[in-house]
Amino acid sequence: SHSQNQQQDGQVWSTKTDFSGYTYTYLLSIESSAFDVTLDDLYISQTDKQQKEFVAWDLDGDVLQALELPFRMPESNVSNVQLYGIAPVLSNGWAFLGEAQTKWTPVSRDRFSDFVEISNADGGDNGFSVSIVGAPGETVELVMLLPHSDSSEPKPISF
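Residues numbered from 1 in each chain as written. Predicted model: local features only at pLDDT ≥ 70, side-chain atom pairs only at ≥ 80, totals over all residues. Heavy atoms only, no water.

Caption draft 1: Representation of the overall build of the chain in the model. Helix and strand counts for the chain stand at one helix and 12 strands. When the elements of the chain are put in sequence order from the N terminus, they spell out β-β-β-α-β-β-β-β-β-β-β-β-β. Residues classed as buried in the chain amount to 40% of the 159 residues present. A total of about 8,900 Å² of accessible surface is found on the chain, and carbon and sulfur atoms cover 45% of it. (Helix = DSSP H or I, 4+ residues; strand = E, 2+ residues; numbered from the N terminus. Buried < 20%, exposed > 50% of the residue type's maximum accessible area, 1.4 Å probe, protein only. Areas by Shrake-Rupley, 256 points an atom, 1.4 Å probe, with all protein chains shown as cover.)

Caption draft 2: Fine view of the pattern of salt bridges. What the rule picks out here adds up to four salt bridges. Between lysine 16 and aspartate 18 there is a salt bridge, and its shortest N-O distance comes to 2.9 Å. Its relative accessible area of 35% is what places aspartate 18 among the partly exposed residues. Ionic pairing is found between arginine 111 and glutamate 99, a salt bridge with its closest N-O pair at 3.0 Å. With arginine 111 in the loop between strand E8 (95–98) and strand E9 (112–118) and glutamate 99 in the loop between E8 and E9, this pair connects stretches of sequence that are 12 residues apart. The two residues arginine 111 and glutamate 99 agree in class, both being buried. Through salt bridges with shared partners, a single network forms among Glu99, Arg111 and Glu138. (Salt bridge = Lys/Arg side-chain N within 4 Å of Asp/Glu carboxyl O.)

Caption draft 3: Structural detail: the pairing of strand E7 (residues 82–89). Counting buried positions along E7 yields eight of eight residues, so the element is predominantly enclosed. For strand E2 (residues 22–30) and E7, the ladder comprises five bridges, and the chain directions are antiparallel. Among the inter-strand pairings, tyrosine 26 is bridged to a residue of E7, identified as glycine 85. For strand E4 (residues 53–58) and E7, the ladder comprises six bridges, and the chain directions are antiparallel. Note that in E7 the partner of alanine 56 across the bridge is isoleucine 86. (Pairing = 2+ DSSP bridges.)

Caption draft 4: Fine view of the environment of valine 89. Mapped onto the secondary structure, valine 89 falls in strand E7. Expressed as a C-alpha distance, the spacing of valine 89 and leucine 145, which sit 56 residues apart in the sequence, is 8.5 Å. Residues in contact with valine 89, not counting those within four places in the same chain, are Glu53, Phe54, Val55, Trp94 and Ala95. (Contact = heavy atoms within 4.5 Å.)

Caption draft 5: Broad picture of the confidence of the model for the chain. Summary statistics for the chain give a mean pLDDT of 82 and a share of 82% for residues scoring 70 or more. In the predicted structure, residues 1–5 sits below a pLDDT of 50 and forms 10 contacts with residues beyond four places in sequence or in another chain. (pLDDT = per-residue confidence, 0-100.)

Caption draft 6: Fine view of the packing of aromatic side chains. Throughout the structure, instances matching the rule amount to 10 aromatic pairs. Ring centres of phenylalanine 115 and phenylalanine 128 lie 5.3 Å apart, and the angle between their planes is 35 degrees; on these two criteria the pair is classed as tilted. One end of the pair, phenylalanine 115, is in strand E9; the other, phenylalanine 128, is in strand E10 (residues 127–132), and 13 residues separate them in sequence. For the pair shown, phenylalanine 115 and phenylalanine 128 are each scored as buried. Through successive ring pairs, a cluster of aromatic residues spans Phe19, Tyr22, Tyr24, Trp94, Phe96, Phe112, Phe115 and Phe128. (Phe/Tyr/Trp six-rings, centres within 6.5 Å; stacked < 30°, edge-to-face > 60°.)

Caption draft 7: Representation of unusual backbone geometry within the structure. Between leucine 69 and the following residue, proline 70, the backbone shows a cis peptide bond with an omega angle of -5 degrees. Position of proline 70 relative to the elements: it lies in the loop between strand E5 (67–68) and strand E6 (71–73). Of note in this structure, serine 20 is not a glycine but carries a positive phi near 50 degrees. One non-glycine residue with positive phi stands out, namely aspartate 114, at about 55 degrees. By the element assignment, aspartate 114 lies in strand E9.

Dropping the structure here:
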């Protein structure tokens, strides 16, 4: 779906993952002209839209760069599709992007569970915790956006 004020050609598909009370949305465009993506285009509840910030990123790009909503979805064709992920920014400023550099669906309930935001009102460490499902000895490369970062580039961390 996309905003009613925009006419869209080509194909634009979207899906979502509900994960521990947060909504992650994925957008795929094929043979589409460029268009603006707004919160109204996403599978996000009205409550979430009012209470949370979101970050978007190009899942098929060479460089992972965070984008604020609204953002411009580039033109696409059959040999250059556009695939973007949209994740919530936690109230403590962190954004968990899952396996954003290695998977087209980087946050999945099949892969992650027990996601909990950690906020310390006394000025201590903030962040989140998450359980990962994987094979013994598997290396999982997670991506997160650090709070109040001077850079809009998410930071990959391998576990």
